[in-house]
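Remarks on the overall topology
So the chains spell out like this:
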Amino acid sequence: MSQTMKYCPSCGADMERRIPPGDNRERDVCSRDGEVFYSNPRVVVGTVTEQDGRILMCKRAIEPRKHFWTLPAGFLELRETAADAGIRETLEEACAAVEIDGLFSFVNVTHIGQIHMFYRAHMTEPGFEAGPESLEVRFMTEDEIPWSQLAFPTVFLTLSRYFEDRRNGQFQVHDVGLEKGSWKSMGLDMEPAGSPV
Ligand SMILES: [Zn+2]
């Protein structure tokens, strides 16, 4: 990954990209005082919420991938556990109150510096609707899921493993990596359905 900061957040001087003393990889370093700023992967957390055999899906109201379908998910916040982030994102995006049943997928997306985690979950009270970041929220069977209209490869991977495990009668934890170019091998559309060509 290349330089992420142009100016030092502490003093405003120009940043440079170099290997600090005692380190072994390039970092963003302040050209004035030598302060080092580390860029580390970001964590995205979501849920696979099942009810009556159907999965809670959200149609995105925001970019990237607006109008595509996703599992409720978002970035982990500071001072928050991953499981709590999954619960919070499901509440924010689908207005659905859920309880976590266990970790399901842990997807390393190294080429974009992200880790995506999905938990299995179930509703604790009835009722759901589109939150501000969703256009539509719906429970879908495996056959109803618009596979090529899924928003992200990690969602495609998580859902396909989920149904596979469910058929086998046992949920595993999937610690997997996702390669660049998986969009293509999964057959994900670049344009949302019904959009003008
Ligand atoms: Zn500085």
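Calculation rules
Residues numbered from 1 in each chain as written. Predicted model: local features only at pLDDT ≥ 70, side-chain atom pairs only at ≥ 80, totals over all residues. Helix = DSSP H or I, 4+ residues; strand = E, 2+ residues; numbered from the N terminus. Buried ≥ 20, exposed ≤ 12 C-beta atoms within 10 Å, placed from the backbone. Domains from an automatic or database assignment. Expected span 1.5 Å × (residues − 1). Contact = placed C-beta atoms within 7 Å. Pairing = 2+ DSSP bridges. Core = buried A, V, L, I, M, F, W, Y, C linked by C-beta atoms within 7 Å.

Of regular secondary structure, the protein possesses 3 helices and 11 strands. Starting at the N terminus, the α and β elements of the protein follow one another as β-β-β-β-β-β-β-α-β-β-β-α-β-α. Its C-alpha atoms give the protein principal-axis dimensions of about 60 × 40 × 35 Å. A burial count over the protein gives 28% of its 197 residues as buried.

What follows covers unusual backbone geometry. Of the consecutive residues E63 and P64, the connecting peptide bond is found in the cis state with omega at -5°. Note on placement: P64 falls in the loop between β5 (54-60) and β6 (69-70). Of note in the backbone geometry, D52 takes a positive phi value of approximately 50° without being a glycine. Owing to 7 C-beta atoms within 10 Å, D52 belongs among the exposed residues under this scheme. Despite not being glycine, H67 shows a phi value in the positive range, around 75°. Residue position: H67 is located in the loop between β5 and β6. For H67, a count of 17 C-beta atoms within 10 Å translates into the label partly exposed.

A separate point is the domain arrangement of the protein. By the assigned domains, the protein splits into domain 1 (1-39) and domain 2 (42-186). A straight line from the C-alpha centre of domain 1 to that of domain 2 covers 35 Å.

The next point concerns helix α1 (residues 82-94). Across its 13 residues, α1 extends 18 Å between first and last C-alpha, which sits within 8% of the 18 Å expected from 1.5 Å per residue. Every buried residue of α1 is listed here: A85, G86, I87, E89, T90, E93 and A94. Check the buried side of α1 and you find it contacts β4 (42-51), β5, β7 (73-75), β8 (98-109), β9 (114-123) and β10 (134-140). With its phi angle positive at about 50°, C95 sits one or two positions after the end of α1.

Let's shift gears to the pairing of β4. Two strands pair when backbone bridges link them, and β4 and β9 are joined in this way by 8 bridges, in the parallel orientation. Residue pairing across strands places T47 opposite Y119, the latter belonging to β9. Where β4 lies against β7, 3 bridges are found, and the strand directions are antiparallel. Following the sheet pairing, V44 is matched in β7 by F75. Taken together, β4 and the strand that follows it, β5, pair antiparallel across an intervening segment of 2 residues, in which D52 is found at a positive phi of about 50°.

Counting residues in hydrophobic clusters, the biggest one holds 34 residues, and the most contacted among them are V48, M57, L150 and V155. Elements with a contribution of two residues or more to this core: β4, β5, α1, β8, β9 and α2 (153-168). Tallying contributions element by element places α2 first for this core, with 5 residues.

The end-to-end C-alpha distance of α2, which contains 16 residues, comes to 23 Å, matching closely the 22 Å that a straight helix rising 1.5 Å per residue would cover. Phi turns positive, to about 80°, at G169, one or two residues after α2.

Pairing in this open sheet of 3 strands is antiparallel, and the strands run β1-β2-β3 from one edge to the other. Edge positions in the sheet fall to β1 (15-18) and β3 (36-37), since each of these pairs with one other strand and no more. Inspection of the sheet shows β1 paired to strand β2 (residues 27-30) by 4 bridges, in the antiparallel sense. Paired with R17 across the bridge in β2 is D28.

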